[in-house]
Amino acid sequence: MIRKWVGIILLIISLTSCEQEINNKNLMFSLIPNESKIVIQINDLDYIKSFITNNELFSNTYFSRDSLNNLINRINIHESKNSGLLSFSAYGKNNVAITFISKKNFSDSLKMQNNESYKYNKYEIFKENSYYKTYLDETVVSSSSDIIIENIIRNYNSKKRGI
């Protein structure tokens with residue numbers, strides 16, 4: 001009888017822990033901006049940096065390699081954070097934003113040089129030069145557009161999916 005209860009408790013614990021990981025992944029995907037034209041799941045950021053730098057075709061596209069490398073360097077992605085979602089989104093008339101969504105870890109920080117912040121729907125949005133960052137529970141969202149960050153926060157609060 002006791003073995004049966006121990007088995008049931010272990011089964012419940014294992015199912016609960018699996019569900020948490022699924023929810024975290026779903027959260028990241030649900031934060032992708034609505035008007036995203038390209039979404040890339042990054043499993044190895046170093047490879048992507050190398051690809052952007054060395055690929056001629058990519059550097060000749062609308063999303064120039066300088067802009068993307070700038071975002072990657074500016075949003076201060078720590079070496080230990082090697083995965084996330086990279087999104088290219090249209091907003092306004094002719095604007096394109098680059099957004100990076102990843103899990104938060106202990107090393108997340110902003111470069112503290114002249115950064116500003118403001119609150120939007122109870123969440124702090126940090127600005128450094130022309131890039132923005134916010135924290136939504138265990139997720140970090142960094143973008144070249146404050147409008148995209150605000151839309152993500154609004155969707156998150158109303159429990160709407162991004163794309």
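Scoring rules and cut-offs
- Residues numbered from 1 in each chain as written.
- Predicted model: local features only at pLDDT ≥ 70, side-chain atom pairs only at ≥ 80, totals over all residues.
- Heavy atoms only, no water.
- Helix = DSSP H or I, 4+ residues; strand = E, 2+ residues; numbered from the N terminus.
- Polar contact = N/O pair within 3.5 Å; in protein donor to acceptor, adjacent residues only side chain to side chain.
- Phe/Tyr/Trp six-rings, centres within 6.5 Å; stacked < 30°, edge-to-face > 60°.
- Buried < 20%, exposed > 50% of the residue type's maximum accessible area, 1.4 Å probe, protein only.
- Pairing = 2+ DSSP bridges.
- Arc of directions from axis to C-beta.
- Axes fitted to C-alpha atoms, helices over the stretch in contact; angles between N-to-C directions.
- Contact = heavy atoms within 4.5 Å.

Asker: Report on the environment of serine 36, specifying residues and quantitative values.
Answerer: Considering the arrangement of structural elements, one finds serine 36 in strand β1 (residues 36-42). Considered as a pair, serine 36 and alanine 97 are 61 residues apart in the sequence and their alpha carbons are 8.9 Å apart. Among the polar contacts made by the side chain of serine 36, one reaches the side chain of serine 87 at a distance of 2.8 Å.

Asker: Before we move on, could you go through the packing of aromatic side chains and cite the residues and values that matter?
Answerer: Tallied over the full model, the rule gives two aromatic pairs. Geometrically, the ring pair formed by tyrosine 123 and tyrosine 156 is edge-to-face, given 5.9 Å between the ring centres and 80 degrees between the ring planes. Of this pair, tyrosine 123 sits in strand β5 (residues 123-128) while tyrosine 156 sits in helix α5 (residues 146-157), and the two are 33 residues apart along the sequence. Side by side, tyrosine 123 and tyrosine 156 carry an identical accessibility label, which is buried. Residues phenylalanine 126 and tyrosine 135 carry aromatic rings whose centres are separated by 6.1 Å and whose planes lie at 70 degrees to one another, so their mutual orientation is edge-to-face. The exposure class of phenylalanine 126 is partly exposed, given its relative accessible area of 22%.

Asker: Explain the pairing of strand β7 (residues 139-143) to me, and be specific about the residues and the numbers.
Answerer: Each regular strand displays side chains that alternate between the two surfaces of the sheet. Within β7, five of the five residues are buried, which leaves it mostly tucked inside the rest of the structure. In β7, alternate side chains face the same way, and those of Thr139, Val141 and Ser143 on one face and Val140 and Ser142 on the other are all buried. With five bridges connecting them, strand β3 (residues 95-103) and β7 associate as antiparallel partners. Residue pairing for β7: threonine 99 is matched across the bridge by serine 143. Of the pairings in the sheet, the one linking strand β6 (residues 131-136) to β7 comprises five bridges and is antiparallel in character. Each bridged residue has a counterpart across the sheet, and for threonine 134 the counterpart in β7 is valine 141.

Asker: Residues and numbers for helix α2 (residues 45-54), please.
Answerer: Looking at α2, one finds that the buried residues are Leu45, Ile48 and Ile52. Take α2 and look down its axis: the buried residues cluster within an arc of 55 degrees, on one side only. Facing away from the buried side of α2 by more than 90 degrees, the exposed set consists of Tyr47 and Asn54.

Asker: Run through the environment of asparagine 43, naming residues and quoting values.
Answerer: Mapped onto the fold, asparagine 43 is located in the loop between β1 and α2. Taking the C-alpha atoms as reference, asparagine 43 lies 8.8 Å from leucine 85; in sequence the two are 42 residues apart.

Asker: If you had to explain the sheet that holds β7 to someone new, which residues and values would you point to?
Answerer: Strand order in the open sheet made by the seven strands is β1-β2-β3-β7-β6-β5-β4, with antiparallel pairing throughout. A strand with exactly one partner marks an edge of an open sheet, and here the two such strands are β1 and β4 (116-120). With direction set aside, neighbouring strand axes in the sheet form an average angle of 20 degrees. Strand direction decides the pairing type here: β4 and β5, joined by five bridges, are antiparallel. Across the sheet, residue tyrosine 118 finds its bridge partner in β5, namely isoleucine 125. The strands touched by α5 are β2 (84-91), β3, β4, β5, β6 and β7; relative to β6, the strand with the most contacts, the crossing angle is about 15 degrees.

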